[in-house]
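# Summary of the model geometry
What follows is the residue order along each chain.
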Amino acid sequence: MYFCCSPNNMTRSMVMYQFIEDERVRNVTMRKRKASLMKKMNELKILCDVDACLVMYETDDSPPDVWPSPSEAHRVIQRFNKSPMWSPNALQDHSAYLEKQIAKMKKQLAKEKEKNMKHLMVKCLFDENALSEVNNQEVLDGVRSAIDSEIEAIDDMIKEAQEKAKKKMVFRTFF
């Protein structure tokens, strides 16, 4: 739908887009609109100093209309295809985008769950009744896992500190 001004009345009226049944009228409309589109492309190219081309196929098997020239259109299309923003690897369909977003949100959810488990673990250290209200086995398993990972991290720090202490003692015995 678009707005059009009639010659007698300068107010805009709505015109519905639909297929033009009469072939002669359709061809005249096509010729006029194609010329108008090519003129607009030329104006855009000059006024904004941009590379632009237009390739238009009609419904029959005739060769396409190319603006400004086939060689110039070919050059612009090659430039477009070489652009990293429009490489086939950069383009993705909606389902691929959603899959990436879901994977990202799952990672974020896992991080938040881990943070919550650590918070609950610390709460358990200071309040022996902290887990009395928890009836969910998954939460209890998460707290147990958080405690186990913290114990492993502490054990690793102890081992590292013991190794550093041994190296210092060995170093001191020689001097």
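Only a predicted model underlies this, so the values are computations on that prediction, with no experimental measurement involved. (Residues numbered from 1 in each chain as written. Predicted model: local features only at pLDDT ≥ 70, side-chain atom pairs only at ≥ 80, totals over all residues. Heavy atoms only, no water.)

### A word on the overall build of the protein chain
Quick note on the threshold: Here a helix means four or more residues in a row that DSSP labels H or I, a strand means two or more in a row labelled E, and each is numbered from the N terminus. Whether a residue is buried, partly exposed or exposed follows from its accessible area with a 1.4 Å probe, protein chains only, as a fraction of its type maximum: under 20%, in between, or over 50%, in that order. Contact definition: two residues touch when any of their heavy atoms are within 4.5 Å. In this description, accessible areas are obtained by the Shrake-Rupley approach with a 1.4 Å probe, and a residue is regarded as covered only by the protein chains that are shown.
In terms of regular secondary structure, the protein chain is built from four helices and four strands. Seen in sequence order, the protein chain has helices and strands lined up from the N terminus as β-β-α-β-β-α-α-α. Considering the protein chain as a whole, with its 175 residues, one finds that 10% of them fall into the buried category. Of the contacts made within the protein chain by residues no fewer than 6 positions apart, 27% connect residues no fewer than 24 positions apart. Per element, the accessible surface of the protein chain, about 15600 Å² overall, is 58% carbon and sulfur.

### Things to note about the pattern of salt bridges
Close approach of charged atoms lets side chains of opposite charge pair. For clarity, the cut-off: Each salt bridge in this description consists of a side-chain nitrogen of Lys or Arg and a carboxyl oxygen of Asp or Glu lying within 4 Å of one another.
Inspection of every chain in the model, using the stated rule, returns nine salt bridges. For Asp51, the salt bridge is made with Arg79, and the minimal N-O distance between the two is 2.5 Å. Of this pair, Asp51 sits in the loop between α1 (23–48) and β3 (54–56) while Arg79 sits in helix α2 (residues 70–82), and the two are 28 residues apart along the sequence. Taken together, the salt bridges that share partners define one network made up of Lys45, Asp51, Glu72, Arg75 and Arg79.

### Digging into a negative patch on the surface
Filter applied, for reference: Surface patches are drawn from residues lacking salt bridges whose relative accessible area is over 30%; two like charges belong together within 9 Å, two nonpolar side chains (Val, Leu, Ile, Met, Phe, Trp, Tyr) within 5 Å. Within this scheme the basic residues Lys and Arg register as positive and the acidic residues Asp and Glu register as negative, but His and the chain ends are omitted. Every charge is mapped onto a representative atom, which is NZ of Lys, CZ of Arg, CG of Asp or CD of Glu.
Judged by side-chain charge, Asp148, Glu152, Asp155 and Asp156 come together as a negatively charged surface patch. Tracing the sequence through the fold places Asp156 in helix α4 (residues 137–174).

### Brief notes about unusual backbone geometry
At the junction of Trp67 and Pro68, the peptide bond is cis and its omega measures out at 0° in the coordinates. Structurally, Pro68 is set in the loop between β4 (65–67) and α2. Of note in this structure, Asp49 is not a glycine but carries a positive phi near 50°.

### A closer look at α2
What sets the pattern is the α-helix's 3.6 residues per turn: residues three or four places apart point alike. Using the following cut-off: For a helix, the expected span equals 1.5 Å multiplied by the number of residues minus one. To be clear, the arc concerns the directions from the helix axis to the C-beta atoms.
With 13 residues, α2 ought to run about 18 Å at 1.5 Å a step, and its terminal C-alpha atoms sit 18 Å apart, in line with that. Along α2, the residues that are buried comprise Glu72, Ala73 and Val76. The buried residues of α2 occupy an angular sector of 100° when the element is viewed end-on, so they sit on one face. With respect to the buried face of α2, the exposed residues turned more than 90 degrees away are Pro70, Ser71, Asn81 and Lys82.

### Looking at the side chain of Glu72
Locating Glu72 in the fold gives a position in helix α2. Aside from chain neighbours lying at most four places away, what touches Glu72 is Lys45 and Asp51.

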